[in-house]
Amino acid sequence: MSDTAAVPTHCPYCALQCGMGLRPTGGAQPPVEVVERASFPVNRGALCGKGRTAPAVLSSRVRLTGPLVRDPATGDLAPASWEEALDAVARGLRRTRDGHGPDAVGVFGGGGLTNEKAYALGKFARLVLATSQIDYNGRFCMSSAAAAHQRAFGLDRGLPFPLEDVPRTGCVILVGSNPAETMPPALRHFTELRENGGKLIVVDPRRTRTAELADLHLAPRPGTDLALALGLLHLVVAEGRVDEAFVAERTTGWEAARAPVMAHWPEQVERITGVPVPRLREAVALFCDADSSMVLTARGPEQQSKGTDTVGAWINLCLATGRAGRPLSGYGCLTGQGNGQGGREHGQKADQLPGYRKLDDPAARAHVAGVWGVAPESLPGPGRSAYELLDALGGEVRALLLMGSNPVVSAPHAAHVEERLRSLDFLAVADVVLSETAALADVVLPVTQWAEETGTTTNLEGRVLLRRRALDPPPGVRTDLEVLHGLAARLGWEKGFPTDPEEVFEELRRASAGGPADYAGIDYRRIAAEDGVFWPCPAEDHPGTPRLFLDRFATADGRARFVPVTHRPAAEEPDAAYPVVLTTGRVVAQYQSGAQTRRVAELNAAAPGPFVELHPRLAARIGVAEGEPVAVVSRRGRAVAPARITGAIRPDTVFMPFHWPGEGRANTVVNPALDPVSRMPEFKVCAVRLERA
Ligand code: SF4
């Protein structure tokens, strides 16, 4: 059903940011209904169940409708006025800052926050709190791909081309990505690729619904994607398929990168990955015989303690074969969170300022400080990455302001993170429901939801989009911008934190101008008129940049950089005590920590709880039958969930989705070993043993 009278907007959940319309239901609940908006090219009207049911959270009976402050007498959260709640937060943050210094106060943001909120939160941390200790949950999402992008191309934009290019290329290697579960409307681009005669190769240890669509499915052991990419590149060299002219004209560093490639013989790669040599040869032929081809990664290769190098190996494959910086070819990352792209561009990342500027770059500091009207030297330096920040809670970081994140469920080594959160002197959480993290807070601030406020997001293609307010929020909630405005005023900053999102965006444009993610030429009017504008867009008469790198890469010399990378084991390999590999991921009916989607009846019915997916041989070995509880035990803890037995997973691997708290919380088990460059935790590989529970 389409409706031209409906308010055009975008889904609140994943990075596809599907276009949809919202129409009032005339007093019924939920207060708006979703209608089709076929004109938006990314999803062309299609939505998954999460997007379709998103209005249910607006009228959820468990939605927070007023602030809560912990009563020191009873220890319980109790209703409070907004004045009382904001006073309590300002008092808690100020007391810690005065007693222990500004870096004892931390700020934790989220990849679901709009660009305006991410910008305001970073500015609030660095100006009002003067703390370096800010990071966000996007660190757990695409940080390895972002780091590899920066190293190779000098710029990080998830996809350097629109998704509409996918059906028109010749071959796509989809690495550790399962859009059939994570972003179903995107699947259409891959099915059209095949209908057009293109080839799809899926790399995944599980035979997912996406893998079932592929021309070729490669199922490496978790944590060996880097070796797989090196093996493919070895064959490219051995078979004389290197694009020598492209390498000479548009890249640097091939000789140094070539050496580790040649040390990875196909037979050796087969031993490491479990992928037979003939399948490697088949993949090389499909990839190189096509006139154009792409590699797209997602969390599989990225959420590893060598995630940056793993993505780098796939980028090297693209560069050596001339499949980058050319039409319909290139490397891209399918970012996960709703504003995973924009969320990392505007200053809530520990090492970055708005416009994707580096915090330790004197020119960047001077520019942003100028927009903010402060001296550059007053800006703090880089802080801890997300897991390191959470690990420091209760120690060097004693108070935390958290917006748009639920690390009790979503962080690795989650029981430890929960214990760190409990040890804080002061915790304030802004959220729409009493998430597992909000339940630990001293003050809970109820905030508006996507349909009740206007703001921009930047989807996985770098397309800046406008989410429009479609209805009034309930009287007891405020926007995150209003929360920051109120806190800033209480902490001595009467000005500089407007509550109007368009006013914040106008400042963001100035702060980003001239930076890598340049929004200077984008405004609300233009986004609305064009239904999205691709950055970089440095001037109002600039058309935006749907396709990057066609003339030059964003490095100083305009050439892409090969980075030498070599395979190494995961931080925790299976052994006699923990002989099986756990890998974690998502299911189609739940989103991230499930804080919103677990409150939607239709989604809960479709995906009511966690499970342990395991191969029949493994199930037989430990003596569990379908549906029986099985304990997944690592050196950090145990998670218990019903067995789901399937031949679609390797016999040496188990899979758990991570959306639930409690005894089935997968992240209790996960290893927080960090990538040395991106500081990404190793969500995709840890050693476990299985027990009947
Ligand atoms: Fe929303 Fe993502 Fe589903 Fe689209 S695919 S409807 S953006 S959750």
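The residue numbers shown here count from 1 along each chain, following its written sequence. For this predicted model, a pLDDT threshold of at least 70 governs which residues receive local features, and a threshold of 80 or more governs which side-chain atom pairs are given and counted, while totals over whole chains, interfaces and linings are taken from all residues.

Asker: Quick question: what am I supposed to make of the overall build of the protein here?
Answerer: Think of it this way: any DSSP run of H or I at least four residues long counts as a helix, any run of E at least two long counts as a strand, and we number them from the N terminus. Looking only at helices and strands, the protein has 23 helices and 30 strands in total. Taken over the C-alpha trace, the protein has a radius of gyration of 24 Å; the compact-globule value for 693 residues is 26 Å, and the two agree within 12%. Referenced to the eigenvectors of the C-alpha coordinate spread, the extents of the protein come out at roughly 70 × 65 × 55 Å. Here the protein holds 693 residues, and the buried ones make up 60% of them. Our contact criterion uses C-beta atoms placed from the backbone: two residues qualify when those atoms are within 7 Å. Counted over contacts in the protein with a minimum sequence separation of 6, partners at least 24 positions apart contribute 73%. Put simply, the radius of gyration uses C-alpha atoms, and a globule should come to 2.2 Å times the residue count raised to 0.38. Whether a residue is buried, exposed or partly exposed is read from the other C-beta atoms within 10 Å of its own C-beta, which are placed from the backbone; 20 or more gives buried, 12 or fewer gives exposed, and intermediate counts give partly exposed.

Asker: Can you help me understand the nonpolar core in this one?
Answerer: For soluble globular proteins, nonpolar side chains are generally found buried alongside one another. Take the buried Ala, Val, Leu, Ile, Met, Phe, Trp, Tyr and Cys residues, join any whose C-beta atoms are within 7 Å, and the set you get is a nonpolar core. Core analysis: the biggest nonpolar cluster contains 186 residues, and Phe 124, Val 172, Ile 201, Leu 232, Trp 314 and Leu 317 have the highest contact counts within it. Counting residues per element, this core draws most heavily on helix H8 (residues 225-238), which supplies nine residues. With sequence-adjacent residues up to four places away left out, Ile 201 is seen in contact with Cys 171, Ile 173, Leu 174, Ala 214, Asp 215, Leu 216, Leu 218, Ala 283 and Leu 286. One finds Leu 618, Ala 641, Ala 643 and Ala 687 within the second-largest nonpolar core, a separate group that totals 31 residues.

Asker: Help me out: how do you make sense of helix H11 (residues 266-273) in this one?
Answerer: Note that an α-helix has 3.6 residues per turn; residues three or four places apart therefore point the same way. Listing the buried residues of H11 in full gives Pro 266, Val 269 and Thr 273. Mapping the buried residues of H11 onto a view down its axis gives an arc of 55 degrees, with all of them on the same face. Seen from the buried face of H11, the exposed residues on the opposite side, beyond 90 degrees, are Glu 267 and Arg 271. Among the structural elements, H8 and helix H12 (277-289) are those in contact with the buried residues of H11. To obtain the arc, one takes the directions from the helix axis to the C-beta atoms.

Asker: Before we go on, may I ask you to explain the domain arrangement of the protein in this structure?
Answerer: The split into domains, and so the bounds of each, comes from an automatic or database assignment of domains. We note that the domain assignment places domain 1 (7-58), domain 2 (68-140 + 341-452 + 475-490), domain 3 (143-334) and domain 4 (580-692) within the protein. In this complex, domain 1 contributes eight residues to the contact, which on the side of domain 4 involves ten residues. Where the side of domain 1 that touches domain 4 is concerned, the elements lending two or more residues are helix H1 (49-53) and helix H2 (55-58). By residue number, the principal contributor to the side of domain 1 that touches domain 4 is H1, which donates three residues.

Asker: Would you take a moment to explain the packing of helix H4 (residues 115-128) against helix H20 (residues 501-512) for this structure?
Answerer: Packed helices, taken two at a time, are described by the angle their axes make and the gap between the axes. In this analysis an axis means a line fitted to C-alpha atoms, helices contributing only their contacting stretch, and an angle means the value between N-to-C directions, from 0 to 180 degrees. Orientation of H4 relative to H20, taken along the N-to-C sense of each, is 70 degrees, at an axis distance of 9 Å. As judged from the angle between their axes, H4 and H20 are roughly perpendicular. The crossing of H4 and H20 is left-handed. Every residue of H20 that contacts H4 at Asn 115, Glu 116, Tyr 119 and Ala 120 is listed here: Pro 501, Val 504, Phe 505 and Leu 508. Each residue receives one of three labels: charged for Asp, Glu, Lys and Arg, nonpolar for Ala, Val, Leu, Ile, Met, Phe, Trp, Tyr, Cys and Pro, and polar for the others, Gly being one of them. Looking at the contact of H4 with H20 residue by residue, the classes come out as six nonpolar, one polar and one charged. Every angle not falling under 35 degrees, over 145, or within 65 to 115 is termed oblique; those three ranges are roughly parallel, roughly antiparallel and roughly perpendicular. Left-handed describes a crossing whose near helix is turned anticlockwise from the far helix by less than a right angle; the clockwise case is right-handed.

Asker: Looking at this model, I keep getting lost on the site of the ligand. Mind explaining?
Answerer: What surrounds the ligand is a group of 14 residues, the closest being Cys 11, Cys 14, Cys 18, Cys 48 and Gly 51. Put simply, the parts of the chain that give the shell around the ligand at least two residues each are H1 and helix H7 (184-195). Across the shell around the ligand, the residue classes break down as ten nonpolar, three polar and one charged. In terms of domain composition, the shell around the ligand takes at least three residues from each of domain 1 (7-58) and domain 3 (143-334). Proximity of a residue to a molecule or strand is defined by its backbone-placed C-beta atom lying within 6 Å of that partner.

Asker: Quick question: what am I supposed to make of the environment of Phe 190 here?
Answerer: Within the secondary structure, Phe 190 is located in helix H7. Sequence-wise, Phe 190 and Pro 179 are eleven residues apart; in three dimensions their C-alpha atoms are separated by 9.4 Å. Not counting residues within four places of it along the chain, the set of residues in contact with Phe 190 comprises Val 166, Val 172, Pro 179, Leu 200 and Leu 213.

Asker: Would you take a moment to explain the sheet that holds strand S16 (residues 399-403) for this structure?
Answerer: Sheets are built from strands paired through backbone hydrogen bonds, the pairs being either parallel or antiparallel. For two strands to count as paired, DSSP must find a minimum of two bridges between them. Taken in spatial order, the seven strands make up an open sheet running S5-S4-S18-S17-S16-S6-S7, and their pairing is mixed. With partners counted over all chains shown, the strands left at the sheet margins are strand S5 (77-79) and strand S7 (134-136), one partner each. Averaged over all adjacent pairs, the angle separating strand axes in this sheet is 20 degrees, with direction ignored. Pairing of strand S6 (residues 105-109) with S7 involves three bridges; the strand directions are parallel. Residue Val 107 lies in a different strand from S7, and its bridge partner there is Ile 134. In the packing of H4 onto the sheet, contacts are made with S6, S7 and S16, and the angle to S6 comes to roughly 170 degrees.

Asker: Where do I start with unusual backbone geometry in this structure?
Answerer: Excluding glycine, residues mostly have negative phi values, and the peptide bonds linking residues are mostly trans. The step from Gln 29 to Pro 30 runs through a cis peptide bond, and the omega angle for that step is -5 degrees. If you trace the backbone, Pro 30 turns up in the loop between strand S2 (19-24) and strand S3 (32-35). The omega torsion of the bond from Trp 535 to Pro 536 falls at -5 degrees, within 30 degrees of zero and hence cis. With respect to the helices and strands, Pro 536 occurs in the loop between strand S21 (533-534) and strand S22 (560-561).

Asker: Even after reading the chapter, I still don't get the sheet that holds strand S1 (residues 7-10), so can you show me in this structure?
Answerer: On the basis of which strands lie adjacent, the open sheet formed by three strands has the order S1-S2-S3 and antiparallel pairing. Two strands close off the open sheet at either side, each with one partner strand: S1 and S3. Direction aside, the axes of adjacent strands within the sheet are offset by 40 degrees on average. Bridging between S2 and S3 involves four bridges; their strand directions are antiparallel. Within S3, the residue paired with Leu 22 across the bridge is Val 34.

Asker: So what exactly am I meant to see when it comes to the packing of H8 against helix H14 (residues 307-320) here?
Answerer: Relative orientation of the contacting elements H8 and H14 amounts to 20 degrees, with a least axis distance of 8 Å. Judged by the angle between their axes, H8 and H14 are roughly parallel. Like other packed secondary-structure pairs, H8 and H14 cross with a definite hand, here left-handed. Facing Asp 225, Leu 226, Ala 229, Leu 230, Leu 232, Leu 233 and Val 236 of H8, the residues of H14 in contact are Asp 309, Thr 310, Ala 313, Trp 314, Asn 316, Leu 317 and Ala 320. Residues of the contact of H8 with H14, tallied by class, amount to ten nonpolar, two polar and two charged.

Asker: Mind showing me how you'd approach the confidence of the model for the protein here?
Answerer: As a note on interpretation, predicted positions should not be read in detail where pLDDT is low. For the protein, mean pLDDT is 96; residues scoring 70 or higher make up 99% of the total. Of the two predicted TM-score estimates for the complex, the pTM is 0.96 and the ipTM is 1.00. Confidence per residue, as judged by the predictor, is encoded in pLDDT with a range of 0 to 100.

Asker: Explanation requested: H14 in the structure shown.
Answerer: Take the residue count of a helix, subtract one, and multiply by 1.5 Å to get its expected span. The end-to-end C-alpha distance of H14, which contains 14 residues, comes to 20 Å, matching closely the 20 Å that a straight helix rising 1.5 Å per residue would cover. In terms of burial, H14 is largely enclosed, as 14 of its 14 residues are buried. Just downstream of H14 lies Gly 322, where phi reads positive at about 70 degrees.

Asker: I'm lost on the pairing of strand S20 (residues 463-467) in this one. Help?
Answerer: Each regular strand carries side chains that alternate between the two faces of the sheet. Within S20, five of the five residues are buried, which leaves it mostly tucked inside the rest of the structure. Both strand S19 (residues 455-458) and S20 contribute to a ladder of four bridges, which runs antiparallel. By the bridge assignment for S20, Gly 455 is matched with Arg 467. In this structure, the hairpin formed by S19 and S20 is closed by a connection of four residues, where Gly 462 is found at a positive phi of approximately 80 degrees.

Asker: Explain the pairing of strand S25 (residues 629-634) to me, please; I cannot follow it from the model alone.
Answerer: As paired elements, S25 and strand S26 (residues 637-645) share six bridges and run antiparallel to each other. Bridging across to S26, Ser 634 finds its partner in Gly 637. A loop of two residues connects S25 with S26, the two strands running antiparallel in sequence. Looking at chain direction, S25 and strand S30 (residues 686-692) are connected through four bridges and run antiparallel. Bridging across to S30, Val 632 finds its partner in Leu 690.

Asker: Help me understand the environment of Pro 651 in this model?
Answerer: Within the element layout of this structure, Pro 651 appears in the loop between S26 and strand S27 (653-657). For Pro 651, a count of 14 C-beta atoms within 10 Å translates into the label partly exposed. Excluding residues that lie within four positions of it along the chain, Pro 651 makes contacts with His 615, Arg 617 and Leu 618.

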